[in-house]
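Notes for the structure review
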Amino acid sequence: MSAHPTTLRDIDQLCERALVPRERLGELAEVAARYAVAITPAVADLIERDDPDDPIARQFVPDARELVGEPPERRDPIGDDAFSPLEGIVHRYPDRVLLKLVNACAVYCRFCFRRETVGPGRGGLSPAALAAALDYIHARPEIWEVILTGGDPLVLSARRLAAVVRQIAAVGHVKVIRVHTRVPVVAPERISAALVRALRVDEKATFVVLHANHPRELGKEARAACARFVDAGIPMLSQSVLLRGVNDDVETLGALMRALVECRIKPYYLHHADLAPGTAHLRTGIAQGQALMRALHGRYSGLCQPAYVLDIPDGYGKSPIGPNYLSEDGSLVEDFNGRHHRYPPRR
Ligand code: SF4
């Protein structure tokens, strides 16, 4: 365990822990004033101080390039606002809604697509706003799934989560509750027996979707935290973001997917990085992502294959972005070695 068991929240603390050099204090304080910073003890322990390109540091330690915006970037890159009929709800697809319980996280990722709206002290849903959000869900029988997100819902207490999950579960037409979180990796000690119990409800399916981007994130304690969910009968999926200098090579990406599967977590999405402000230095091109997916397909088990997806800017939803293995007319299909084969046309 760390000798400094508190979350690091300002640049001076990062400097004391040798995560940023003293000569960059000024410029990084400017970044921290713009975008929230939090590095938990578990994450601080994962960072290798001797490596200037450490892939964990790249995800969490502020970088002066965050102050440089690029024209296609926007403050609400996936268009949550346009599909938010009331506070806390995003209703983009017919059969599911996001319920944003809280706008805080255990850590603040430098590539976050909600970086303009999450941060410490940003609060969460008031009791009245939560009641209104639940009324909205009650009134719409087409809502089959409720996705708890934020921020990170698992920063809430087990007692608060249990109350919310039970209120959602009481809606007859909601059959699935999905929780998106980074907590099992960045603060595994939070995954207590009480928290796991809080997410389980009879006659509804709960899924936990873990956000992890590098195989080193799945150390012993993170694996044990994930096992507590799976052993309790809560299936786990994963989502990762393709990030330059973090996981944009096939060995790292493949090792991440294998580590997830070894933890009984099915890789679900590999997100192309969103156009969040000040994140250009962390984004790759889509062609590079497709090449990585081809390489994964060729070398790793089917269990290790996520869907590569893009959230179309401005709220048009998520679409798989390949690669495609079938020719346009359907007559040729590509195998995992890149060879093409004829497929008989339908008579
Ligand atoms: S945990 Fe999720 S919502 Fe929070 S900063 Fe990271 S990417 Fe953003």
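Residues numbered from 1 in each chain as written. Predicted model: local features only at pLDDT ≥ 70, side-chain atom pairs only at ≥ 80, totals over all residues. Heavy atoms only, no water.

1. With respect to the overall build of the protein chain
For the record, the criterion: Note on conventions: DSSP H or I runs of at least 4 residues are helices, E runs of at least 2 residues are strands, and numbering of each starts at the N terminus. In these tables, accessible area is a Shrake-Rupley quantity obtained with a 1.4 Å probe, and a residue counts as shielded only by the protein chains included in the view. Neither His nor the chain ends contribute to the count of charged residues, in which Lys and Arg are positive and Asp and Glu negative. Charge coordinates come from a single atom per side chain, which is NZ of Lys, CZ of Arg, CG of Asp or CD of Glu.
Counting its regular elements, the protein chain contains 11 helices and 11 strands. Its C-alpha atoms give the protein chain principal-axis dimensions of about 65 × 55 × 40 Å. Of the roughly 15900 Å² of accessible surface on the protein chain, a fraction of 54% belongs to carbon and sulfur atoms. Charge separation in the protein chain, taken as the distance between the mean sites of 44 positive and 43 negative side-chain charges, equals 5 Å.

2. Brief notes about the sheet that holds strand β2 (residues 96–100)
Defined as follows: Any two strands with at least two DSSP-identified bridges between them are counted as paired. Angles shown run from 0 to 180 degrees and are taken between the N-to-C directions of axes, each axis being a line fitted to C-alpha atoms and, for helices, limited to the stretch in contact. Every residue pair with non-hydrogen atoms within 4.5 Å of one another is taken to be in contact.
Spatially, nine strands are ordered β1-β2-β3-β4-β5-β6-β7-β8-β9 in an open sheet, and the strand pairing comes out mixed. Either end of the sheet is taken by a strand with one partner, and the two such strands are β1 (89–93) and β9 (317–320). Sheet twist, expressed as the mean angle between neighbouring strand axes with direction ignored, is 25 degrees. Where strand β6 (residues 236–242) and strand β7 (residues 265–272) come together, seven bridges link them in parallel fashion. In the sheet register, L242 faces β7, and the bridge partner there is H272. Packed on one face of the sheet, helix α11 (residues 286–299) meets β6, β7 and β8 (307–312) and runs near 160 degrees to β8.

3. Quick notes on α11
Along an α-helix, residues three or four positions apart point the same way, because every turn accommodates 3.6 residues. Which entries qualify depends on this criterion: How far a helix is expected to stretch is found by multiplying one less than its residue total by 1.5 Å. Exposure categories follow from relative accessible area, calculated using a 1.4 Å probe and restricted to protein chains: below 20% of the type maximum is buried, above 50% is exposed, and the middle band is partly exposed. Directions pointing from the helix axis toward each C-beta atom define the arc.
Compared with the 20 Å implied by 1.5 Å per residue over 14 residues, the 20 Å span of α11 between its first and last C-alpha is a close match. Residues of α11 that are buried include every one of G289, L292, M293, A295 and L296, and no others. Seen along its axis, α11 keeps its buried residues to an arc of 160 degrees; they face one direction. Each element contacted by the buried residues of α11 is listed here: β6, α10 (250–262), β7 and β8.

4. A few points about the site of the ligand
The condition that has to hold: Proximity is defined per residue: if any heavy atom of the residue lies within 4 Å of a molecule or strand, that residue is considered near it. Think of a 1 Å grid over the protein atoms and nothing else: a 1.4 Å probe that fits but is trapped marks a cavity, an open set flanked by protein within 12 Å on at least five of seven lines marks a pocket, and residues with an atom within 4 Å of a point count as lining. Should more than half of a molecule's atoms lie within 2 Å of a pocket's or cavity's grid points, that molecule is taken to sit in it. Three residue categories are used. Nonpolar comprises Ala, Val, Leu, Ile, Met, Phe, Trp, Tyr, Cys and Pro, charged comprises Asp, Glu, Lys and Arg, and polar comprises the others, including Gly.
Around the ligand, a shell composed of C105, V107, Y108, C109, C112, R182 and H211 is seen. With respect to the detected pockets, the ligand is housed in the largest pocket. When the residues that make up the shell around the ligand are grouped by side-chain class, the tally is five nonpolar, one polar and one charged.

5. With respect to helix α9 (residues 220–231)
With 12 residues, α9 should reach 16 Å at 1.5 Å per residue; the first-to-last C-alpha distance of 16 Å fits that figure. Looking at α9, one finds that the buried residues are A222, A225, C226, F229 and V230. Seen from one end, α9 has its buried residues packed into an arc of 140 degrees, which puts them on one side. Those residues of α9 that are exposed and aimed more than 90 degrees away from the buried face are K220 and D231. Those residues of α9 hidden inside the fold are in contact with α7 (183–186), α8 (193–199), β5 (205–211), β6 and β7. One or two steps after α9, the chain reaches G233, where phi turns positive at roughly 90 degrees.

6. Some points on unusual backbone geometry
The step from G150 to G151 runs through a cis peptide bond, and the omega angle for that step is 10 degrees. Mapped onto the fold, G151 is located in the loop between β3 (145–149) and α6 (158–169). Note the cis peptide between G322 and P323, where omega equals 5 degrees. Even without glycine at this site, E203 takes up a positive phi of about 65 degrees. Structurally, E203 can be placed in the loop between α8 and β5. Take E203: its relative accessible area is 80%, and that puts it in the exposed class. Located in the positive-phi region is D314, a residue other than glycine, with phi close to 75 degrees. Counting through the fold element by element, D314 comes out in the loop between β8 and β9.

7. Some words on the packing of aromatic side chains
Using the following cut-off: Centre distance within 6.5 Å is the pairing criterion for rings of Phe, Tyr and Trp, where only the six-membered ring of Trp is used; planes under 30 degrees apart are then read as stacked, over 60 as edge-to-face, and the remainder as tilted. Charges are assigned to positions over rings by a cutoff of 6 Å between ring centre and Lys NZ or Arg CZ, combined with an angular limit of 35 degrees from the ring normal.
Applying the stated criterion across every chain yields a total of one aromatic pair. Sitting above the plane of the Y93 ring, R96 keeps its charged end 4.0 Å from the centroid. Between R294 and the ring centre of Y325, over which it is positioned, the NZ or CZ distance is 5.2 Å.

8. Quick look at the nonpolar core
To keep things clear, this is the line we draw: By nonpolar core we mean a set of buried residues, namely Ala, Val, Leu, Ile, Met, Phe, Trp, Tyr and Cys, connected to one another through side-chain atoms within 4.5 Å.
Counting 100 residues, the largest nonpolar core has L99 and F229 as its most contacted members. With residues near it in sequence (within four places) discarded, L99 still touches G88, I89, L125, L130, A133, V146, I147, L148, T149 and I168.

9. Here we look at the pattern of salt bridges
The condition is simple: The salt bridge criterion pairs a side-chain nitrogen of Lys or Arg with a carboxyl oxygen of Asp or Glu, the two atoms within 4 Å.
Under the criterion given, the structure shown has 21 salt bridges. The closest approach of N and O atoms between R115 and E66, which form a salt bridge, is 2.5 Å. Of this pair, R115 sits in the loop between β2 and α5 (127–138) while E66 sits in the loop between α4 (55–60) and β1; the two residues are 49 residues apart in sequence, bridging distant segments of the chain. Accessibility classification places R115 together with E66 in one group, the buried group.

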